[in-house]
Amino acid sequence: MALEQIALRPEELPRKWYNVVPDIPGGLPPPKEPQDGESRMAALQRRLVGECLRQEASTDRWVDIPEGVRELYIHAGRPRPLYRARRLEERLHLRKVRIYYKREDLSPTGSHKVNTALPQAYYAAKEGKQTLVTETGAGQWGTALAYAARMMGLKSVVFWVRAVYDWKPERRTLMELYGAVVHASPSGETPFGRKLLAENPAHPGSLGIAVSEGLEFTDLGKDRVYCLGSVLNHVLLHQSIVGLEAIEQFKLIDDSPDLVVACLGGGSNFGGIALPFMGEVLQGRRRCEFLAAQSAAAPSLSKGEYRYDHGDTAGHTPLMMMYTLGHEATMVPIKADGLRYHAAAPIVSALRKQGYVGTVAYPADEVAVFEAAKTFLETEGWLIAGESAHAVRAGIDEALKFEAKGEEKCILINISGHGFLDIDAYRTKSPGPG
Ligand SMILES: Cc1ncc(COP(=O)(O)O)c(C=O)c1O
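A brief report on the enclosed structure follows. (Residues numbered from 1 in each chain as written. Predicted model: local features only at pLDDT ≥ 70, side-chain atom pairs only at ≥ 80, totals over all residues. Heavy atoms only, no water.)

1. Topic: the side chain of glutamine 55
So, step 1. Here glutamine 55 is to be found in helix 2 (residues 50-56).
So, step 2. At a separation of 3.0 Å, a polar atom in the side chain of glutamine 55 contacts the side chain of tyrosine 123.
So, step 3. The contacts of glutamine 55, once residues within four sequence positions are left out, are Trp17, Val63, Tyr123, His234, Leu237 and His238. (Helix = DSSP H or I, 4+ residues; strand = E, 2+ residues; numbered from the N terminus. Polar contact = N/O pair within 3.5 Å; in protein donor to acceptor, adjacent residues only side chain to side chain. Contact = heavy atoms within 4.5 Å.)

2. Quick look at the sheet that holds strand 7 (residues 155-161)
So, step 1. Across the sheet, four strands lie side by side as 8-7-6-9; this open sheet has parallel pairing. One side of each edge strand has no neighbouring strand; the edge strands of this open sheet are strand 8 (180-185) and strand 9 (224-226). Recorded for the sheet is a direction-independent mean angle of 25 degrees between the axes of neighbouring strands.
So, step 2. Along the sheet, helix 6 (residues 140-151) contacts strand 6 (131-136), strand 7 and strand 8; its crossing angle with strand 6, the most-contacted strand, is approximately 165 degrees. (Pairing = 2+ DSSP bridges. Axes fitted to C-alpha atoms, helices over the stretch in contact; angles between N-to-C directions.)

3. A look at the site of the ligand
So, step 1. Around the ligand, 17 residues are found, and the nearest of them are Ser230, Gly265, Gly266, Ser268 and Ser416.
So, step 2. A distance of 2.8 Å separates an oxygen atom of the ligand from a polar backbone atom of glycine 267.
So, step 3. Between an oxygen atom of the ligand and a main-chain N or O atom of asparagine 269, the distance comes to 2.9 Å.
So, step 4. Its free accessible area being 400 Å², the ligand has 96% of it covered by the protein chains. (Near = heavy atom within 4 Å. Areas by Shrake-Rupley, 256 points an atom, 1.4 Å probe, with all protein chains shown as cover.)

4. Let's talk about the pattern of salt bridges
So, step 1. With the rule as written, the count across this model stands at 32 salt bridges.
So, step 2. Residue glutamate 248 is joined to lysine 251 by a salt bridge in which the shortest nitrogen-to-oxygen separation is 3.1 Å. Note that glutamate 248 and lysine 251 are positioned in helix 11 (residues 233-253) at a spacing of three residues, about one turn of the helix.
So, step 3. With a relative accessible area of 31%, glutamate 248 lands in the partly exposed category. (Salt bridge = Lys/Arg side-chain N within 4 Å of Asp/Glu carboxyl O. Buried < 20%, exposed > 50% of the residue type's maximum accessible area, 1.4 Å probe, protein only.)

5. Notes on the sheet that holds strand 10 (residues 259-263)
So, step 1. Sheet architecture is open: seven strands sit in the order 1-4-5-15-10-11-14, paired in mixed fashion. This sheet does not close on itself; its edge strands, each paired only once, are strand 1 (5-6) and strand 14 (358-362).
So, step 2. Pairing of strand 1 with strand 4 (residues 82-84), which is carried by two bridges, proceeds in the antiparallel orientation. Residue pairing in the sheet places isoleucine 6 in a bridge with leucine 82 of strand 4.
So, step 3. Relative to the sheet, helix 12 (residues 268-282) contacts strand 5 (97-103), strand 10, strand 11 (289-295) and strand 15 (409-415), its axis offset from that of strand 10 by approximately 155 degrees.
So, step 4. Contacts from helix 16 (residues 386-404) reach strand 5, strand 10, strand 11, strand 14 and strand 15 within the one sheet, and its direction differs from that of strand 15 by about 170 degrees.

6. Some remarks on helix 9 (residues 191-199)
So, step 1. When helix 9 is considered as a whole, its buried residues turn out to be Phe192, Gly193 and Leu196. End-on view of helix 9: buried residues confined to an arc of 100 degrees, all on one side of the axis.
So, step 2. Tucked inside the fold, the buried residues of helix 9 contact helix 10 (207-219). (Arc of directions from axis to C-beta.)

7. Describing unusual backbone geometry
So, step 1. With an omega of -10 degrees, the peptide bond running from arginine 78 to proline 79 counts as cis.
So, step 2. Examined against the element boundaries, proline 79 turns out to sit in the loop between helix 3 (67-75) and strand 4.
So, step 3. The linkage connecting serine 185 with the following residue, proline 186, adopts the cis geometry, with an omega of 5 degrees.
So, step 4. The topology assignment puts proline 186 in the loop between strand 8 and helix 9.
So, step 5. One non-glycine residue with positive phi stands out, namely histidine 93, at about 55 degrees.
So, step 6. Note that histidine 93 resides in the loop between helix 4 (86-91) and strand 5.
So, step 7. Histidine 93 sits in the exposed class, given a relative accessible area of 61%.

8. Quick notes on the state of the cysteines
So, step 1. Under the counting rule described, the total for this entry stands at zero disulfides.
So, step 2. Just so you know, cysteine 410 is unpaired, no disulfide at all, and the nearest cysteine sulfur is the one on cysteine 288, 8.6 Å from it.
So, step 3. In this structure cysteine 410 comes out as buried when scored by relative accessible area, which is 0%. (Disulfide = S-S within 2.5 Å.)

9. Re the environment of leucine 325
So, step 1. With respect to the helices and strands, leucine 325 occurs in the loop between strand 13 (320-324) and helix 14 (346-353).
So, step 2. With 90 residues separating them along the chain, leucine 325 and valine 235 place their C-alpha atoms 21 Å apart.
So, step 3. Dropping the residues within four chain positions of it, leucine 325 is found in contact with Ala298, Pro299, Ser300, Gly304 and His342.

10. Here we look at the packing of aromatic side chains
So, step 1. Tallied over the entire structure, the rule returns twelve aromatic pairs.
So, step 2. Ring geometry for phenylalanine 370 versus tyrosine 426: centroids 5.1 Å apart, planes at 75 degrees, classification edge-to-face. Of this pair, phenylalanine 370 sits in helix 15 (residues 367-380) while tyrosine 426 sits in helix 17 (residues 424-427), and the two are 56 residues apart along the sequence.
So, step 3. The class of phenylalanine 370 is buried, set by a relative accessible area of 10%.
So, step 4. Counting every residue linked through ring pairs, the aromatic cluster contains Tyr83, Tyr101, Phe376 and Trp382.
So, step 5. Over the ring of tyrosine 83 we find arginine 103, and its NZ or CZ is 4.8 Å from the ring centre.
So, step 6. Sitting over the ring of phenylalanine 217, arginine 224 keeps its end group 4.0 Å from the ring centre. (Phe/Tyr/Trp six-rings, centres within 6.5 Å; stacked < 30°, edge-to-face > 60°. Lys NZ or Arg CZ within 6 Å of the ring centre and 35° of its normal.)

All we've got here are geometric facts, nothing functional implied.
Given below as structure tokens:
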């Protein structure tokens, strides 16, 4: 029987995360202070989980996963399976090209975000914090953090981009079931939120604004700590569990990807699956290419400038060297809101600059990506998130190009999330222009 599902046993879950930083040719440009205002580095020291900040600056190639975090991962269903997409291959009439997909949708809250939410909550609890504060765009990160906080017996507060908050009441219910207090952002809870609401009471918000509010809110209370769901080095470190598992799974079937495809908003999903493979490429032990699938609503890696910029709209974070559209950029709303962020993670940006990351950006009307998601549902049977639909679109397009050229190739796609709470996106027209 040809295997369609490649699984690892719980005891085979990796024991270390992989940090690509020591392997980046030329190194990673360090963060910088802006010229005006308080020290943003000092502010981060105050606001973030201590262990995460240490990991942020780490140049160790391997970082131990605490036993307590491994237990949480296993409880949340890790290791997650790798699937061979035989039915999709048949629909596309592929003879030369094999497609596999990794199942990050099979998490308690429906996305890869749990991979970093759990260690962040674990370290925060160890450091005596009581409340986890964060922002969320699509809602996946907020839900993951609310879940992780609940697992560790902590409280959580989520600032949610207002346009999406209004659009996804079911996801809000899930966050609240986990015990989260959820605010539509801009909110009346912070000075920055109040300023924006005074200018425009119907302000739709953005991820950068929600980050700014979350950071301010953290300062306003005791034992609060801010958790970020993407972009930063420690988040990509935690997400490396995805690619590390996939490497072991490919060994079991004696196959190996020539191309790894993932969608990219802030970059933690792409980094999670790609960087462990990339590390072996950088060390000269593997040949493989990498493709980041974006939305034309926020084409940071494809069209942005490589320069120092803030990670949030109000400029509370240090300046990071990254591909950016500018921290005050406005982006049209899309269904795949998790991809609507102005910049790409410094690590992914540095590797893009060095020529290791290819990019594609699909039109903001989202017709092409939801068509691909529908084909995926009709063949493989799984309902995926709109963000993941970008990766599936890119995987299908690349497979068809390889097939047309008669090239024998193996493609790995990361399915970053399920679409059960985003099903409306399959039914109604996208708000973004084409
Ligand atoms: C399902 C899903 N996939 C992908 C992404 C993008 O993640 P990242 O910011 O890590 O690139 C998100 C972000 O919210 C998401 O919810």
